[in-house]
Structures are given as C-alpha cells and as structure tokens.
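Residue-level structure breakdown
Each chain, written out:
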Amino acid sequence: MNLIVSTIKNLKRRKLRAVLPLIGIILGVVLMFVVQQTAATAAQSINLYTQGVYGKASIVVDAATTGLKTQALTTMRDSKGVRSVAPILNQNVTIKTSQDSARATIIDAIMLFNL
C-alpha cells in the first residue's frame, strides 16, 4: 500500500516524466493506424488505375516483341461479346541501385485514345 501511495506522489511531482511515456504510446498507436490506412489507400489506388486501363473483366493479349497486327486487332474487335479492343504499350524495366533492384511495369494508356 505504501508503494502505491509513493508512486502516485512521485507521478504528481514529476508530471512531465509521467506524461512523456503516454504521449509515446499514443503516437505509436496513431502512426500504426496511419501507415496501415496509407497502405490500404495505395493498394486501392493501384487497383482502380489497373481497372481504368485494362477494365474490370479483361483479357490481355500479349504479342511479345513482334507486336500485334492490325488485322488481328480488327478480328478481335469484331468478335462476338467483345465490347472494346485497345492497344496498350507497356514496358518492363529493372531499376538497379548499388544495394537493391526493383522491377517496374510502365503502361502507356495514351494509346487508348489513338484508336
């Protein structure tokens, strides 16, 4: 019992020492939620962008390095059940630094408007 009373007296006497750990805990919890929300928002943004470029239910035809001929594009466009066909230029790039490397896919959606 004497220990509890002594602890309360010391906390009242040293208010800053009592408040700083509380502020640290609160900041840690808030920052954890902020980071989680930021990651969720970024993932949602990427999904919306992908749906905007490719559409919700798409079939992506990859013509490798040779490209897709205009006749094949016309045949696909005229096929039953196909709403739209659009060429998209994309390029895979590897970005290297002295410590890490990352792969990125660059999509040129401007091609969608040049039909």
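Remember, it's a predicted structure, so these values are computed and weren't measured experimentally.

Across its full length, the chain carries three helices and two strands. When the helices and strands of the chain are listed from N to C terminus, the series reads α-α-α-β-β. For the chain, with 115 residues in total, the buried portion stands at 3%. Of all intrachain contacts in the chain linking residues separated by at least 6 positions in sequence, the fraction that spans at least 24 positions is 31%. When the accessible surface of the chain is split by element, carbon and sulfur atoms take 62% of a total near 10,500 Å².

Residues with a pLDDT of 70 or more make up 70% of the chain, whose mean pLDDT is 77. The model gives residues 110–115 a pLDDT under 50, and that stretch makes 11 contacts with residues more than four places away or in other chains.

With 12 residues, helix α1 (residues 2–13) should cover 16 Å at 1.5 Å per step; its first-to-last C-alpha distance of 17 Å lies within 8% of that length. Among the 12 residues that make up α1, zero are buried, leaving the element largely open to the surroundings.

Moving on, we come to a positive patch on the surface. Side chains of Lys9, Arg13, Arg14 and Arg17 sit close together on the surface and give a patch of like positive charge. Of note, Arg13 is situated in helix α1. What makes Arg13 exposed here is its relative accessible area of 62%.

Reading the values: the criteria
- Residues numbered from 1 in each chain as written.
- Predicted model: local features only at pLDDT ≥ 70, side-chain atom pairs only at ≥ 80, totals over all residues.
- Heavy atoms only, no water.
- Helix = DSSP H or I, 4+ residues; strand = E, 2+ residues; numbered from the N terminus.
- Buried < 20%, exposed > 50% of the residue type's maximum accessible area, 1.4 Å probe, protein only.
- Contact = heavy atoms within 4.5 Å.
- Areas by Shrake-Rupley, 256 points an atom, 1.4 Å probe, with all protein chains shown as cover.
- pLDDT = per-residue confidence, 0-100.
- Expected span 1.5 Å × (residues − 1).
- Patch = residues over 30% accessible without salt bridge, like charges linked within 9 Å, V, L, I, M, F, W, Y side chains within 5 Å.
- Salt bridge = Lys/Arg side-chain N within 4 Å of Asp/Glu carboxyl O.
- Lys, Arg positive; Asp, Glu negative; His and termini not counted.
- Charge placed at Lys NZ, Arg CZ, Asp CG, Glu CD.

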